[in-house]
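A closer look at the structure
Next come the chains, spelled out residue by residue.
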Amino acid sequence: MKYERSSALFDEAYRYIPGGVNSPVRVFKSVGGVPVFMKSAKGAYMKDVDDNTYIDYINSWGPAILGHTHPEVLEAIKKQAENGFSYGTPTELETEIAKFIVENVPNIDQIRMVSSGTEACMSAIRLARGYTQRDKIIKFEGCYHGHSDSFLIKAGSGAATFGNPNSPGVTAGTAKDTLLARYNDVEQVEDLFRHNQGEIAAIIIEPVAGNMGCVLPQNDFLQKLRKLCDENGALLIFDEVMTGFRLAFGGAQEVYGVKADLVTFGKVIGGGLPVGAFAGRNEIMDHLAPKGAVYQAGTLSGNPLAMRAGLTTLQLIKNDANFYQNINKTAETLDFGIGKILNEKNIQHVINRKGSMMSVFFHISSVSNFDEAAEANHSLFNNFFHQLLKNGIYLPPSGYETWFISDAIKQTELEKTLEVLRKFEYSNL
Ligand code: KE4
């Protein structure tokens, strides 16, 4: 693989854009090397500016669940664009997608569209604080809910990747209201409620964590959090920016049978265009402006192009009775195939997988929280990443990220991926 053009473009980007990227996780800082500049994507594949082609296991960090540039989504966006790009007024289309989501996701009566997962989670926390009249929130180490101040405390994703889980610029006043617990440690959450009685507005959690690598809830962890919230008058917020419409059409609430008070969305519901959302029952959502006093707004919230891309994506998923069975089966086949090869190479590893989300951790036998994710051998992951990259397999450029399987990845792509993996040279890093 040649990366000359990516390299030249990165140098130029570095001159005008901080770190050369508009989102830190895209830079190859943790895995090393020059970030690859893409110029096109179709189905299971992306093509870079040096005309190298890759099988894509990031899928834009989740949104491209159908695969890239699905023809029906493309057609729908083109048609919508002929009617204009943005009006800044209510549109029928916003009601159509809101109704569609409310009718398909458990325990929500209303939904507010925004333009990113960060906005969705930031607004959900403000609403929870306004509704409960309490200030504190509980988040989990290694979980990432976007880059608003309250969340950049022991955050996952890029914050963990670059070793700055507590970002400068977040004031002590803000940080004091964010309480931290270890993922899957219900005793720590009980302690926090005991020591902050009547002060905790909400718990916010990734019901399946994807920002410390993929980490699953264990021993009825979500059910226990539900019970603690009920006992302490706090709201349970499921951050389903990754899991929403990915784990199932009803998301993690459907898969785990746990009722959240607020649910946030992003990624898939925009089909690749900028969309986030937060939703809940009337009793809570009615506190949101203009009906209630909790303010939240956005110039491009409900943008018609993004709504059309999202609604078309969701309708295509809904109309395919085998959609989730297929992508989950693909992930299982990849999981078992990688596991078999790494075992044959005597490489100790663990693969965490839920639905079509998965990640590989090296030199560790189980990962159930951020500390264990950090104990994994990330140098070996970085080596693994580059050996696959130069053979046309594009993984998330960090061991603290999740792989996302799309419906465009079929037997051909799986066979090619496993063939590359068999050649993986394992130097004992
Ligand atoms: P955005 O603001 O990036 O749309 O969403 C923030 C967010 C919220 N909640 C969860 C569970 C998320 O995974 C995210 C964003 N995920 C990262 C990937 N780990 C986005 C990639 C990036 O930061 O560029």
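The structure contained in this document is the topic of the report that follows. (Residues numbered from 1 in each chain as written. Predicted model: local features only at pLDDT ≥ 70, side-chain atom pairs only at ≥ 80, totals over all residues. Heavy atoms only, no water.)

1. Overview of the side chain of Thr264
For clarity, the cut-off: Secondary structure elements follow DSSP: runs of H or I of four or more residues count as helices, runs of E of two or more count as strands, with numbering from the N terminus. The cut-offs for exposure are 20% and 50% of the maximum accessible area for each residue type, with area from a 1.4 Å probe on protein chains only; residues under the lower value are buried, those over the upper are exposed, and the others partly exposed. In the analysis that follows, any N or O atom pair within 3.5 Å is treated as a polar contact, provided that within protein one partner can donate a hydrogen and the other can accept it, and provided that, for residues neighboring in sequence, both atoms belong to side chains. The criterion used for residue contact is that any of the two residues' heavy atoms lie within 4.5 Å.
With respect to the helices and strands, Thr264 occurs in strand 9 (residues 262-265). The exposure class assigned to Thr264 is buried, which follows from its relative accessible area of 0%. Only 3.1 Å separates the side chain of Thr264 from the side chain of Asp239, close enough to count as a polar contact. What Thr264 contacts, discounting residues up to four positions off in sequence, is Ala120, Cys121, Ala124, Ile237, Phe238, Asp239, Glu240, Val241, Ala277 and Phe278.

2. What about helix 12 (residues 323-344)?
Put simply, the rule reads: Multiplying 1.5 Å by the residue count of a helix minus one yields the expected span of that helix.
Taking 1.5 Å of rise per residue, the 22 residues of helix 12 would be expected to cover 32 Å, and the 32 Å separating its terminal C-alpha atoms lies within 8% of that figure. For helix 12, the full list of buried residues reads Phe323, Tyr324, Ile327, Thr330, Ala331, Leu334, Asp335, Gly337, Ile338, Gly339, Ile341 and Leu342. Buried positions along helix 12 lie against helix 11 (304-318), strand 11 (349-354), strand 12 (357-362), strand 14 (403-404) and helix 15 (411-422).

3. Some points on the layout of surface pockets
Put simply, the rule is: A cavity here means a set of points on a 1 Å grid, drawn over the protein atoms and nothing else, where a 1.4 Å probe fits but cannot get out; a pocket is an open set with protein on both sides within 12 Å along at least five of seven lines, and a residue lines either one if it has an atom within 4 Å of a point. Grid points are joined across faces, edges and corners, and a volume is the space filled by probe spheres set on the points. For this classification, the nonpolar set comprises Ala, Val, Leu, Ile, Met, Phe, Trp, Tyr, Cys and Pro, the charged set comprises Asp, Glu, Lys and Arg, and every other residue, Gly included, is treated as polar.
Here the second largest pocket is characterised by a volume of approximately 640 Å³. Around the second largest pocket, the lining comprises 25 residues; the ones closest to its centre are Glu94, Ile111, Arg112, Met113 and Pro290. In terms of residue count, the dominant contributor to the lining of the second largest pocket is helix 3 (residues 92-104) (5 residues). Within the lining of the second largest pocket, the residues separate by chemical class into 11 nonpolar, 9 polar and 5 charged.

4. Here's the deal with unusual backbone geometry
Cis geometry is adopted by the peptide bond preceding Pro290, which originates at Ala289 and carries an omega value of 5°. Note on placement: Pro290 falls in the loop between helix 10 (282-285) and helix 11. A positive phi angle, close to 50°, is found at Asn59, a residue other than glycine. Turning to its location among the elements, Asn59 is positioned in the loop between strand 3 (53-56) and helix 2 (71-81). Even without glycine at this site, His363 takes up a positive phi of about 55°. Examined against the element boundaries, His363 turns out to sit in the loop between strand 12 and helix 13 (370-375). Given a relative accessible area of 27%, His363 falls into the partly exposed group.

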